[in-house]
Amino acid sequence: MMLFLLAQPLSTLVPECYGVYSIVKVLELLATIETLHEPSNTVVHVSEYLVGDSTGTLVFQTSTKWEPEDVIQFTNASTQLMEGYLRVVGSAVKCNTTDTFLVSIENNFSLVKYVRKVINIKGDEFSVE
């Protein structure tokens with residue numbers, strides 16, 4: 001029995017998604033930082049890339065180095081909010097594809113600000129904090 005995973009379009013991702021599987025194209029390297037992993041006392045490089053698919057773009061945070069135009073797939077990635085803005089965090093592998101990969105750069109889902117509100121309901125009344 002074979003199990004096929006359908007790639008999730010970036011437009012369907014929301015905060016706190018786990019087990020994310022998507023195929024995207026690397027558009028550009030945004031930033032790289034070097035940090036110390038204290039338990040093992042080793043230096044770790046963490047990079048943020050702008051990646052995209054046919055539905056839009058999103059920031060992808062990883063310790064793997066990629067080049068622009070690489071088509072990658074991430075499996076078991078997750079989404080996180082960084083100061084209210086969405087990004088995908090995880091590792092990825094390069095796809096060996098010869099298909100033309102079109103990316104929509106008109107929708108950058110990392111620019112959408114998420115705000116959490118707590119709603120208290122008491123009887124027929126409610127308040128928003």
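Our subject is the structure listed above.
What counts and what doesn't
- Starting afresh in each chain, residues are numbered from 1 along the sequence in its written order.
- Reporting in this predicted model follows two pLDDT cut-offs: at least 70 for local features of residues, and 80 or more for side-chain atom pairs to be given and counted; totals over whole chains, interfaces and linings ignore these cut-offs and use all residues.
- Values reported for side chains reflect all heavy atoms of the structure, with hydrogen atoms and water molecules removed beforehand.
- Criterion for a salt bridge: a side-chain nitrogen of Lys or Arg within 4 Å of a carboxyl oxygen of Asp or Glu.
- Helix and strand definitions here come from DSSP, where helices need a minimum of 4 consecutive H or I residues and strands a minimum of 2 consecutive E residues; each element is numbered from the N-terminal end.
- For each residue, the accessible area found with a 1.4 Å probe, counting protein chains only, is set against the maximum for its type, and the residue is called buried under 20%, exposed over 50%, and partly exposed in between.
- The pairing criterion for strands is at least two bridges between them, as found by DSSP.
- Put simply, two rings from Phe, Tyr or Trp (the six-membered ring, in Trp's case) pair if the centres are within 6.5 Å, and we call them stacked under 30 degrees between planes, edge-to-face over 60, tilted for the rest.
- When checking whether two residues touch, look at their non-hydrogen atoms; a contact exists if any pair is within 4.5 Å.

J.: Report on the pattern of salt bridges, specifying residues and quantitative values.
T.: Applying the stated criterion across every chain, the model contains 3 salt bridges. Arg-87 serves as the salt-bridge partner of Glu-48, at 3.0 Å between the closest nitrogen and oxygen. One end of the pair, Glu-48, is in strand β2 (residues 42-53); the other, Arg-87, is in strand β5 (residues 85-89), with 39 residues separating them in the sequence. The buried category is assigned to Glu-48, whose relative accessible area is 16%. Its salt-bridge partner being Asp-70, residue Lys-94 comes within 3.3 Å of it at the nearest N-O pair. Of this pair, Lys-94 sits in strand β6 (residues 92-94) while Asp-70 sits in the loop between β3 (56-62) and β4 (71-82), and the two are 24 residues apart along the sequence. The buried category is assigned to Asp-70, whose relative accessible area is 10%.

J.: Give a detailed account of the pairing of β5, specifying residues and quantitative values.
T.: In terms of burial, β5 is largely enclosed, as 4 of its 5 residues are buried. Judged from the 3 bridges that link them, β3 and β5 form a sheet pairing that is parallel. In the strand pairing of β5, Phe-60 is matched with Val-88. When β4 meets β5, the two strands line up antiparallel, connected through 5 bridges. Residue pairing in the sheet places Leu-81 in a bridge with Leu-86 of β5.

J.: Can you lay out the packing of aromatic side chains for me, pointing to particular residues and giving the numbers?
T.: Aromatic rings considered in pairs are described by the distance between their centres and by the relative angle of their planes. By the definition in use, this model includes 1 aromatic pair. Measuring from ring centre to ring centre gives 4.9 Å for Phe-60 and Phe-74, while their planes differ by 20°; the resulting arrangement is stacked. One end of the pair, Phe-60, is in strand β3; the other, Phe-74, is in strand β4, with 14 residues separating them in the sequence. Phe-60 sits in the buried class, given a relative accessible area of 0%. Phe-74 sits in the buried class, given a relative accessible area of 0%.

J.: Could you give an account of the side chain of Thr-57, with specific residues and numbers?
T.: Relative to the helices and strands, Thr-57 is located in strand β3. If sequence neighbours within four positions are ignored, Thr-57 has contacts with Leu-10, Leu-27, Leu-50, Val-51, Gly-52, Val-103, Ser-104, Ile-105, Asn-107, Asn-108, Phe-109 and Ser-110.

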